[in-house]
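This is what each chain is made of:
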Amino acid sequence: MKATKSKLLKMTASICLLTIMILFLLWPQLIKQQLIVGVDAIFHFNRFYDTMMQIKTNNYNYFLTNFGFDQTGRIVNALYGPIMAYLQGGILLLSGSWLRYQIGSNILLITLSFCSMFVLATKLKFNFGLKILLASLYATSPAVVVWISSQQFTGWGAAVLPLLFAGGLAFYDDHLSFQTSLALAVPMALLLQIHTLSALIGTIGLIPLMLTAVITNKRKSTVMFYGFLAILITLLLSGNVWAAMLDILPHNHLLTPWPYQNMADFTNSFTLGLPDTTNFAFTHGLIYWLLIISQLILGGLNWRKASAITKALLITILLFTIIPSSFLPWDLISNAIPSLRVLLQFPRRLNVIAEVLTPVLLGLNITEINWLKRHYWATVGIVGIWALASLFSAGKIIANQARVWDTDQVLAYSHNVTFTKSKSATKIALQSANLSAGLKAIKKNSVDYLPTTKTVNYTGKSLQFAYPKYWNLVKYQPGISKIVTNGTLNLKVKLITPTTITLPVVLYQNSQLIINQQHLKKTDLVLNSLNQPIIKKERSSLNIQLKYRSSVLFKLAASISSISWLIMIGYWLMRLITHFFE
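Residues numbered from 1 in each chain as written. Predicted model: local features only at pLDDT ≥ 70, side-chain atom pairs only at ≥ 80, totals over all residues. Heavy atoms only, no water.

S.K.: Looking at this structure, how should I read the overall build of the chain?
M.R.: Broken down by element type, the chain carries 22 helices and 10 strands. Relative to the compact-globule value of 25 Å for 582 residues, the chain shows a C-alpha radius of gyration of 25 Å, a close match. Dimensions of the chain, computed from the C-alpha atoms along their principal axes, are close to 90 × 55 × 55 Å. Relative to its full complement of 582 residues, the chain shows a buried share of 56%. Within the chain, contacts between residues separated by at least 24 positions form 76% of all contacts whose residues are at least 6 apart in sequence. Treating the 47 positive side-chain charges of the chain as one cloud and the 17 negative ones as another, the clouds have centres 4 Å apart. (Helix = DSSP H or I, 4+ residues; strand = E, 2+ residues; numbered from the N terminus. Rg over C-alpha atoms; globule rule 2.2 N^0.38 Å. Buried < 20%, exposed > 50% of the residue type's maximum accessible area, 1.4 Å probe, protein only. Contact = heavy atoms within 4.5 Å. Lys, Arg positive; Asp, Glu negative; His and termini not counted. Charge placed at Lys NZ, Arg CZ, Asp CG, Glu CD.)

If you want it as structure tokens, here you go:
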């Protein structure tokens, strides 16, 4: 009875603290109704509008965006966090406006990051007070806040990464089992469904921890067996992700995100002010810099007495503090490995590992260093002050970004953005219950994942041709209307005089174009450099359908992935029910 009452009190305390944090961070949106349209907002708003409309109209197309991105049939979500895109689309559907969506999405992010760090701290058996302080500290970190302040999707990856490291720590348990593999595989699969780059960065960040687990365990073969089993489970749970990539990437020339030639311009440097979470990637800021440096020093001084886990985390944090910094010649590295300009773009993206692990190292130092243990509650009090400072820092950043909504600028980030209406009309459109109105009022010149007939290398020069073409693709064309039925994009073309027209859609290798019930292959068509079909209109009207035919491999892998998730969820539900009735 006492144990149940204690658990209830702890849960109530956690919920109250989390609620206070949410109210403090999101008050500009909750009270002042200020929408934040940051650096990546327009791109992601289009992604989620597309999945929202799929859910709303029951017109599903996993590959083509038939509603978002001006209904051009381009592929985005299949290559970029597919399941998370549908989750966000569901939130948008329930919300009914961009502001309410943003509030709901931000609440989910803060809650997820708080809970995931709480799980990681629980794995290390910290006491309750320390756990909720570390969870609060992380939920207000620049790594997480970057989504709220500028809609950079790395924030969602950061929210799940603590679960990945908790899965890595499971390999230090005395008894390894199938559950050990699940503990690592499930968060990795979730990351792949959310943000592939975060999954890749997380995998690299896990290496020291997993190597240490193998080295320190007498049953090395057992650790390796369950590690490989975790990889296999991950592949099963993420089949829709990697199979879609295999369906698309080898068979198409795709335009890449902008390759930043001078990667050294986006490295880390020590700053005394607030972190930068409004531009590309994020910086630590004074609070996290002091936290990282102090814990590295304390952990280093206690190296001989430190546990194997602490040593592994120390090495990882040190590496992920040095690597994203200007200590490394990033321009030379990017010249040697040009693909990094597209895959990583900004070395600062690696900051997330240090921000995930430093609160954990803080907890370990408090529980392992003798003089800190002797003054335990005083030390925990200092952690509380640190968490409070991080909360105020995050609140300041969010408030500054939200304040722009009530200025003439309206958008918190407007570089490379085209307004099709006045800014006052744009603001009204974004407030409208008609969610497409805002997307029509602002357009961003974003060519990521569009197909092309040209060869693209890792330089901005090779992409420059695409931007004028993109505006022609998305501009309004009188006489052409679009509707979606049964997951198919239908175009009705009505022009007064016969003419040659460039259709406002793009074709991939597996795209299917049907004109007046005649199936046409890409080889039967004349295409421009963005794979837009150019046709000669000889009739008064044309009925055109655009479909996508996925491979047998994708259908099989996606089916296995769905079944695997159902089995996994059923397994955990059975364990939960069994535990409840014990």
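What follows continues from the structure just given.
S.K.: Any chance you could explain the packing of aromatic side chains here in plain terms?
M.R.: Working definition: an aromatic ring pair is given by the centre-to-centre distance plus the angle between the planes. The full count for this structure, using the stated rule, is 27 aromatic pairs. Seen from their ring centres, F118 and F128 are 6.3 Å apart, and the 70° between their planes marks the pair as edge-to-face. Taken as a pair, F118 in helix α4 (residues 98-123) and F128 in helix α5 (residues 128-139) lie far apart in primary sequence, 10 residues in all. Where W258 meets Y467, the ring centres are 6.1 Å apart and the plane angle is 55°; that geometry is what we call tilted. (Phe/Tyr/Trp six-rings, centres within 6.5 Å; stacked < 30°, edge-to-face > 60°.)

S.K.: Is there a simple way to explain the layout of surface pockets in this structure?
M.R.: To locate leftover empty space, one rolls a probe as large as a water molecule over the atoms. As a volume, the largest pocket reaches approximately 1400 Å³. Along the walls of the largest pocket sit 46 residues, with P257, V342, Q345, D448 and Y449 positioned nearest its centre. Elements represented by at least two residues in the lining of the largest pocket include exactly α2 (41-57), α9 (196-216) and α15 (340-343). The computed volume of the second largest pocket comes to approximately 880 Å³. Of all elements in the fold, only α3 (82-95), α4, α7 (154-169), α8 (178-194) and α22 (552-580) reach the threshold of two or more residues within the lining of the second largest pocket. Sort the elements by how many residues they give to the lining of the second largest pocket and α8 lands first, with nine residues. (1 Å grid on protein atoms, 1.4 Å probe; cavity = no way out; pocket = protein on both sides within 12 Å on 5 of 7 lines; lining within 4 Å. Points joined across faces, edges and corners; volume = space filled by probe spheres on them.)

S.K.: Whenever I open this one, the environment of F282 confuses me. Can you help?
M.R.: If you trace the backbone, F282 turns up in the loop between α11 (239-248) and α12 (285-301). For the pair F282 and V146, spaced 136 residues apart in sequence, the C-alpha separation works out to 6.9 Å. Apart from residues no more than four positions distant in its own chain, F282 is found in contact with P142, A143, V146, D276, T277, R348, N351, V352 and E355.

S.K.: Can you help me understand empty space enclosed by the protein in this one?
M.R.: Per the stated rule, a full pass over the model turns up four cavities of 30 Å³ or more. Approximately 110 Å³ is the volume found for the largest cavity. Forming the boundary of the largest cavity are I42, F43, N46, F69, D70, L439, I442, K443, K444, S446 and Y470. Mapped by element, the contributors of at least two residues to the lining of the largest cavity are α2 and β2 (442-444). Residue composition of the lining of the largest cavity, grouped by class: six nonpolar, two polar and three charged. (Nonpolar A, V, L, I, M, F, W, Y, C, P; charged D, E, K, R; others polar.)

S.K.: Mind showing me how you'd approach the sheet that holds strand β7 (residues 518-520) here?
M.R.: Strands pair in a sheet through their backbones, by hydrogen bonds, and they do so in one of two ways: parallel or antiparallel. The five strands lie next to each other as β3-β4-β10-β6-β7, forming an open sheet whose pairing is antiparallel. This sheet does not close on itself; its edge strands, each paired only once, are β3 (480-485) and β7. Each strand of the sheet is rotated relative to its neighbour by a mean of 25°, with strand direction disregarded. Bridge count for strand β4 (residues 488-494) against strand β10 (residues 541-548) is six bridges, and the pairing is antiparallel. Of the residues in β10, the one forming a bridge with L491 is I544. (Pairing = 2+ DSSP bridges. Axes fitted to C-alpha atoms, helices over the stretch in contact; angles between N-to-C directions.)

S.K.: What is the right way to look at the pairing of β4 in this model?
M.R.: Successive side chains on a regular strand alternate, one facing one side of the sheet and the next facing the other. Burial analysis of β4 places five of its seven residues in the buried class, which makes it a mostly covered element. Two strands pair when backbone bridges link them, and β3 and β4 are joined in this way by six bridges, in the antiparallel orientation. Its bridge partner being in β4, I483 is matched across the sheet by N490. Linking β3 back to β4 in an antiparallel pair, the connection comprises two residues, with N486 at a positive phi of about 50°.

S.K.: Quick question: what am I supposed to make of the environment of A281 here?
M.R.: Here A281 is to be found in the loop between α11 and α12. Separated by 139 residues in the primary sequence, A281 and P142 have C-alpha atoms spaced 9.6 Å apart. Among residues more than four places away in sequence, those in contact with A281 are V146, Q152, D276, F346, R348 and R349.

S.K.: Help me understand the pattern of salt bridges in this model?
M.R.: If the charged atoms of two oppositely charged side chains come close together, the side chains can form a pair. According to the stated counting rule, one finds three salt bridges in the structure shown. With a closest N to O distance of 2.4 Å, D70 and K443 form a salt bridge. Highlighted residues: D70 in the loop between α2 and α3 and K443 in strand β2, separated in sequence by 373 residues. Residue classification places D70 among the partly exposed positions, given a relative accessible area of 26%. (Salt bridge = Lys/Arg side-chain N within 4 Å of Asp/Glu carboxyl O.)

S.K.: What is the right way to read the side chain of H284 from this model?
M.R.: You can see H284 is positioned in the loop between α11 and α12. Looking at H284, its side chain comes within polar contact range of the side chain of E355, at 2.7 Å. For H284, the contacting residues outside a window of four places in its chain are P142, N268, P275, W289, I292, N351, A354 and E355. (Polar contact = N/O pair within 3.5 Å; in protein donor to acceptor, adjacent residues only side chain to side chain.)

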